[in-house]
Amino acid sequence: MKEIIHDPISQPGSRRIGVLVLHGFTGSTWSMRPVTEFFADRGYAVEMPLLPGHGTHWKDMVPISRHDWLAAVDDAYWRLRTAGHEVVVIGLSMGGMLALRESVRRPVLGTAVINPFVVDPTPALRFSRLLSKVAFTTTGITSDIAMPDVDEGGYHRVPLAAAAQLYLLGKETRPMLPALQTPVLYFRSATDHVVSDASHLYFQKIASCPVEFVPLPHSYHVATLDYDAPLICQRTLDFVQSLESRLEGSA
């Protein structure tokens, strides 16, 4: 079993595009490390923040709000922009929702999402705040990975206060998504025990931007650590390089 590393990554690069990489709810940077290192090895500047409350102990999520996550994403975005890079955002699960939201709020060249949380995976999510008054935590779903003996390193307990923040993030973000104009590369696993098909069906219905859907036939939710990880890296690189070519052509 590999040692799980939760550290953020901030690495300069020589190319015009910088890549902002975002992990999911109750997970950590470990789940997106293969993607981040793939781009860093090819000369791209990368920023992968560890979202507040993550990568330590589930109790650290209790005082954190969605605004803390959004601020961490925005800080990482501006580190890339200040260094002179145009930005492409890549996100997994809740990181996909954060990526889409940042792409509405800030100028980006494109967005790649992997099994993003767009629609509440269960109706119970909306009652998290009320339930938090009678129960402190619920069981988490972590390491939803088809490949055996692979650990995402996520939390096995979820504070209901944090689940309530996830619900509010989705509620506030969904109305913003039709305003997204830049291209989206959307990866969807054939089997996902965390995010339901309602998310990609909803996004497909409301999106006004160019969207390319890529199926992941061999992976579960955390596809970046699963059988289709090489496909994700290569197709995302193709996507970024196409945006890079367009950028150079307009110079």
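Novice: What's the story with the environment of D144 in this structure? I'm lost.
Specialist: You can see D144 is positioned in the loop between β6 (137-139) and β7 (157-159). Distance in space between the C-alpha atoms of D144 and I206 is 28 Å, their sequence separation being 62 residues. There is a polar contact of 2.7 Å between the side chain of D144 and the side chain of H193.

Novice: Would you mind showing me how to read the pairing of strand β2 (residues 17-22) here?
Specialist: Where a strand is regular, its side chains alternate between the two sheet faces. Most of β2 sits out of view: six of its six residues are buried. Going residue by residue along β2, you find I17, V19 and V21 tucked away on one face and G18, L20 and L22 tucked away on the opposite face as well. As paired strands, β2 and strand β4 (residues 86-92) are joined by six bridges and run parallel to one another. Each residue of the ladder has a partner; that of L20, found in β4, is V89. Strand direction decides the pairing type here: β2 and strand β3 (residues 45-48), joined by three bridges, are parallel. Counterpart to L20 in the pairing with β3 is E47. A crossover links β2 with its parallel partner β3, the connecting element being helix α1 (residues 33-40), and its sense is right-handed.

Novice: Can you help me understand the pairing of strand β5 (residues 110-114) in this one?
Specialist: Of all five residues in β5, five are buried, a share of seventy percent or more. The two faces of β5 match: G110, A112 and I114 on one face and T111 and V113 on the other face are all buried. Both β4 and β5 contribute to a ladder of five bridges, which runs parallel. Looking at the pairing, V88 lines up with G110 of β5. Handedness of the crossover is the feature at issue here: the chain leaves β4, passes through helix α3 (residues 94-105), returns alongside β5, and the resulting connection is right-handed. Where β5 lies against strand β8 (residues 184-189), four bridges are found, and the strand directions are parallel. Bridge pairing in β8 links A112 to L185.

Quick notes on the rules
Residues numbered from 1 in each chain as written. Predicted model: local features only at pLDDT ≥ 70, side-chain atom pairs only at ≥ 80, totals over all residues. Heavy atoms only, no water. Helix = DSSP H or I, 4+ residues; strand = E, 2+ residues; numbered from the N terminus. Polar contact = N/O pair within 3.5 Å; in protein donor to acceptor, adjacent residues only side chain to side chain. Buried < 20%, exposed > 50% of the residue type's maximum accessible area, 1.4 Å probe, protein only. Pairing = 2+ DSSP bridges. Right-handed = clockwise from strand over helix to strand, strands pointing away.

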